[in-house]
Each structure stands twice: as structure tokens, then as C-alpha cells.
Amino acid sequence: MHIRPFIISAVSLAICLSCNVNREREQMESLETITKQELATALEERDELLSLVKEVSSGLKQLKELEHDMSLADTIHTPSRNAQIIADISTIKKNILKRKERLNQLEEKLSNSTINNQDLKETIEAIRLQMDAQIDLTEQFSRKLNTANKKIGSLSRTVDSLNNTVNEVSGQRDMAINRNTRLEDEMNICYYVADSKRELKNNGIIETGFLRKTQLMKGNFDKECFTVADKRTLLSIPINSVKIRILTTHPIDSYSIAKENDRTVIHILDPISFWSLSNYLVAQTD
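A brief look at the structure comes next. For clarity, every value in this text was computed on a predicted model and none was experimentally measured. (Residues numbered from 1 in each chain as written. Predicted model: local features only at pLDDT ≥ 70, side-chain atom pairs only at ≥ 80, totals over all residues. Heavy atoms only, no water.)

**Side note on a positive patch on the surface**
Among the surface-exposed residues, K197, K201, K243 and R245 lie close enough to one another that they form a single positively charged patch. Relative to the elements of secondary structure, K201 occurs in helix α4 (residues 197-202). With relative accessibility at 42%, the residue K201 sits in the partly exposed group. (Patch = residues over 30% accessible without salt bridge, like charges linked within 9 Å, V, L, I, M, F, W, Y side chains within 5 Å. Areas by Shrake-Rupley, 256 points an atom, 1.4 Å probe, with all protein chains shown as cover. Salt bridge = Lys/Arg side-chain N within 4 Å of Asp/Glu carboxyl O. Lys, Arg positive; Asp, Glu negative; His and termini not counted. Charge placed at Lys NZ, Arg CZ, Asp CG, Glu CD. Helix = DSSP H or I, 4+ residues; strand = E, 2+ residues; numbered from the N terminus. Buried < 20%, exposed > 50% of the residue type's maximum accessible area, 1.4 Å probe, protein only.)

**Notes on the nonpolar core**
It is characteristic of soluble globular proteins that their nonpolar side chains tend to be buried jointly. In this structure, L49, L66, I89, L103, I124, I127 and M131 are the most contacted members of the largest nonpolar core, which totals 19 residues. Secondary-structure elements contributing two or more residues to this core are α1 (3-73), α2 (79-110) and α3 (118-187). Judged by nonpolar contacts, the second largest core, of 15 residues, contains I237, I239, I244 and Y255. (Core = buried A, V, L, I, M, F, W, Y, C linked by side-chain atoms within 4.5 Å.)

**Describing the sheet that holds strand β5 (residues 236-239)**
Taken together, three strands build an open sheet; the order of strands is β5-β8-β7 and the sheet is antiparallel. Edge positions in the sheet fall to β5 and β7 (255-259), since each has one partner strand and no second. Each strand axis lies, on average, 20 degrees off the axis of its neighbour in the sheet, ignoring direction. Both β7 and strand β8 (residues 264-268) contribute to a ladder of five bridges, which runs antiparallel. Within β8, the residue paired with I257 across the bridge is I266. (Pairing = 2+ DSSP bridges. Axes fitted to C-alpha atoms, helices over the stretch in contact; angles between N-to-C directions.)

**Concerning unusual backbone geometry**
Excluding glycine, most residues fall at negative phi; most peptide bonds, likewise, are trans. In this structure, N261 is a non-glycine residue whose phi angle is positive, near 55 degrees. Mapped onto the elements, N261 comes out in the loop between β7 and β8. Here D262, not a glycine, exhibits a phi torsion of approximately 65 degrees, which is positive. Secondary-structure assignment places D262 in the loop between β7 and β8.

**Here's the deal with the pairing of strand β9 (residues 280-284)**
By the criterion of burial, β9 is predominantly enclosed, with five of the five residues buried. Across the two faces of β9 the burial is the same, with Y280, V282 and Q284 and L281 and A283 all buried. Relative to β9, strand β1 (residues 189-195) runs parallel, the two being bridged by five bridges. Within the sheet, the bridge partner assigned to Y191 lies in β9 and is Y280. Relative to β9, strand β6 (residues 245-246) runs antiparallel, the two being bridged by two bridges. Across the sheet, the residue bridging to R245 is Q284, located in β9.

**Structural notes on the sheet that holds β1**
On the basis of which strands lie adjacent, the open sheet formed by four strands has the order β4-β1-β9-β6 and mixed pairing. What marks the edges here is a single partner per strand, and that holds for β4 (227-230) and β6.

**Here we look at the packing of aromatic side chains**
Applying the stated criterion across every chain, the model contains four aromatic pairs. When the ring of F274 is compared with that of W275, the centres are 4.9 Å apart and the planes differ by 85 degrees; the resulting orientation is edge-to-face. Like W275, F274 is buried. A connected cluster of aromatic rings, assembled from ring pairs, spans Y191, F226 and Y280. (Phe/Tyr/Trp six-rings, centres within 6.5 Å; stacked < 30°, edge-to-face > 60°.)

**Topic: the pattern of salt bridges**
In total, this model carries seven salt bridges according to the counting rule given. The shortest N-O distance in the salt bridge between K100 and D132 comes to 2.4 Å. In this pair, K100 sits in helix α2 while D132 sits in helix α3, placing the two residues 32 residues apart along the sequence. Of the charged contacts in the structure, one is a salt bridge between R232 and D185, with a shortest N-O distance of 2.7 Å. Here the residue R232 occupies a position in the loop between β4 and β5, and D185 occupies one in helix α3, the gap between them amounting to 47 residues. Residue D185 is classed as partly exposed on the basis of its relative accessible area, which comes to 34%. What you see here is one network of salt bridges that share partners, running through E184, D185, D230 and R232.

Next up, the structure:
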């Protein structure tokens, strides 16, 4: 009668003990699982922080290379080079801002992390300060480049103004040269004709009469009968006639007359002297 209740009580106690053991085991397993998760999360956050540190160092290297490029640009200014530097500054600044945003997100996660401590906070603050300094440096580069571009623009306008002035002066000089050349050419124009007395008279080049001295070009004469030449290059005048008489006045020592193969050639020995008295040469061939 007393054994059965005892047995029931013993079974009940065994069940209770078994439940307690199982509960403790579950708690231990749960605690072990939480610890592993926290450790994995802490390691992941640490790795992310280290990755940011490396990227910040890489950004500093890029800024140093950019500073070197800008020092070269100070001596070699080209629109394409400056445009490339502006694009590089913009890209570097965007990357720094992205890193800064990632650092803010990581800091928020680390605030509840098991590895969060004073050293970690100081590391994060140091990284933030470095990134702020890098952003300031990119802005300094931008201002410096803008100043350089303004100087280039000013110099370009000055050069354009000087070029316009040079072109204007060159144009005036060319006009003066052309005008002087034209005047010189006009001053060196000479005319000559060699024909019979009858033709010379018919063309109004000479006027004659009974017991009257021959007059040269006193009235309207036909200029089309004359050959136009340049005093500076006209050194000989061939005439298809053996007989020749020069009617215009020319210094006797400035020319000579020679017979060459059934024709006569007037050789001008001193062009300046020969044409000093008249720009016309009239020769009668009979």
C-alpha cells in the first residue's frame, strides 16, 4: 500500500531531475552559441575596421600622387591635364566620403559590441580625423587648381590680346610694305616704242611739219603703242631694224647701240641715269 505512492514519488522526482539537467544543458548550449556569434561578429567588425584603415592609407597615397601631379601642372599647363586633375580630385573626395559613411555605420554597430572599449573609440576617432584632413586637402587642391585656371585664363586673354595686337601691327606693316612696293613699282615703270616716223606721227607720239622741229608727245598720244617695262630689269631693247634714231633725251653715257644679226639692240648701261630725264623711250626706225 505504501510502496506504490513511493514508486510514484520516485518516478516524479527522477523526471524532475531529468528536466533540470536538460534545461541546464540547453542553457549552456545557448550560451556557447551566443558567445560564438558575438566572437564572429566582433572579428567581422574588427576586419572591417582594419579594411578601412588600409583604405585610408591608400587614400593618403593617392593624395600624395595627386600633389605631385599638381606640382608638374604648375610648369606644364594644358586644358586636358587640368581637367584630368579635377576629375581625380572629385573621385578621391567621393571615395573618402564613402569611407566616412562606412565608419559612422561601423561605429554605431560597435557601440553595442563586446569588443567596444576606449582604445577602439580612440582608433575610430583617429581614422575620422585622418579622413577629415584628407577632405580638407582635396578642397585645398581644388582651390589651388581653380586659382591656377584663373591665371591661365588671364594669361590666355593677355596672349590673345597680344596676338591681336601683333596681327594688327603685322597687317599694318604688310599694308605699308605692299603700298611701298606698289609705289616703287609705279616709280620704276618705263615705256618704250620703236617704229617708223609715219606710225609714230599717226599715233600722236610725234608732231612734225614743214620746216618745223619734231615735237614729242605734246598732244594726246596713244599709250597702247608703248611697251611697258620695269626700269630695274630692262637692260636691253632689241629693235627689228638696222637703222635707228633715238628721239627722246637720255644721257649719252648711260646706253650703247649695237648691231646684232640684222637688228639693232639698245643696251642700257646705267638704268638710273638712262631714265633720269624721261620715263619714255621713243626710237624712229627710218
